[in-house]
Amino acid sequence: MKNKSTKKLFTKFHLNLNNKSILITGGTGSFGKHFVKKVISQYQPKRLVIFSRDELKQYDMSNELDEKKNKYLRFFLGDLRDKDRLKVAFKEIDIVVHAAALKQVESSEYNPYECIKTNIIGSQNVITASLENNVKKVIFISTDKAANPVNMMGGSKRIMEMFLMRESLKQNISMARFANVAFSDGSLLHGFNQRFSLK
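Residues numbered from 1 in each chain as written. Predicted model: local features only at pLDDT ≥ 70, side-chain atom pairs only at ≥ 80, totals over all residues. Heavy atoms only, no water.

Visitor: Describe the overall build of the protein, with residues and values.
Guide: Within the protein, the secondary structure is distributed over eight helices and six strands. Taken from N to C terminus, the helices and strands of the protein fall in the order α-β-α-β-α-β-α-β-α-α-β-α-β-α. Within the span of the protein, comprising 199 residues, buried residues form 46% of the whole. Contacts in the protein between residues far apart in sequence, at least 24 positions, make up 73% of those at least 6 positions apart. Looking at the protein as shown, the accessible area adds up to about 11,300 Å², and 54% of this sits on carbon and sulfur atoms. (Helix = DSSP H or I, 4+ residues; strand = E, 2+ residues; numbered from the N terminus. Buried < 20%, exposed > 50% of the residue type's maximum accessible area, 1.4 Å probe, protein only. Contact = heavy atoms within 4.5 Å. Areas by Shrake-Rupley, 256 points an atom, 1.4 Å probe, with all protein chains shown as cover.)

Below, the structure is given as structure tokens:
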């Protein structure tokens, strides 16, 4: 039963990702891992760069995906808050998928400025780095909580969306809102699953 719904996230992409250089921020998260696996199973990209700040998750993911077999895979350590690091990571990239964010409602309420620095300033850094590197397509992942937001996390994502609407006049930007995904990291069902596994 575990992760059945997340396996159905992607059935067919409308973009041709063959021979493209693709980078996904938050590539070691729930969305990122499923996106990467789908690209590997359906396409032959020129490069597939997993950008995240978690060294251990990158190590585990590189072993799981067999980096030696899939030679186009690259793992890039960095943080959205570091604009210069993003500019280096985005060099010669065709498509950026921006999935990195602080997504936990409770922790965002308790640490509001950290949420702002990642979800708002970090997203603006992604836009700036994409523009400066002439990235052809940028896809932002948002949340249903950005619709009529009532908390810090939803509000930060809504502000991010407003940035996108402004910047979409300058570059090719798309955005998709996702609702809660069953068994994704930190989700309610993920928490239940962990508690039951301890019994």
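Visitor: An account of the sheet that holds strand β1 (residues 21-25) is needed here, citing residue identities and associated values.
Guide: Strand pairs in the sheet, formed through backbone hydrogen bonds, run parallel or antiparallel to each other. One open sheet holds the six strands; their spatial order is β3-β2-β1-β4-β5-β6, and the pairing between them is parallel. Only two strands of the sheet have a single partner each, and these edge strands are β3 (73-77) and β6 (173-178). With strand direction ignored, the average angle separating the axes of adjacent strands in the sheet is 15°. Pairing analysis gives four bridges linking strand β4 (residues 95-98) to strand β5 (residues 137-143), with the strands arranged parallel. Looking at β5, one finds that histidine 98 is bridged to phenylalanine 140. (Pairing = 2+ DSSP bridges. Axes fitted to C-alpha atoms, helices over the stretch in contact; angles between N-to-C directions.)

Visitor: A description of the pattern of salt bridges should follow, citing residues and the corresponding values.
Guide: When the charged atoms of two side chains with opposite charge come close together, those side chains can pair. As enumerated under the stated definition, the model contains nine salt bridges in all. For aspartate 94, the salt bridge goes to lysine 136, with nearest N and O atoms at 3.1 Å. Taken as a pair, aspartate 94 in the loop between α4 (83-89) and β4 and lysine 136 in the loop between α6 (112-132) and β5 lie far apart in primary sequence, 42 residues in all. Residue aspartate 94 is classed as buried on the basis of its relative accessible area of 14%. Classification of lysine 136 by relative accessible area gives exposed; the value is 55%. A salt bridge links glutamate 167 to arginine 166, with the shortest nitrogen-to-oxygen separation between them at 2.8 Å. Overall, glutamate 167 belongs to the buried group, its relative accessible area being 3%. (Salt bridge = Lys/Arg side-chain N within 4 Å of Asp/Glu carboxyl O.)

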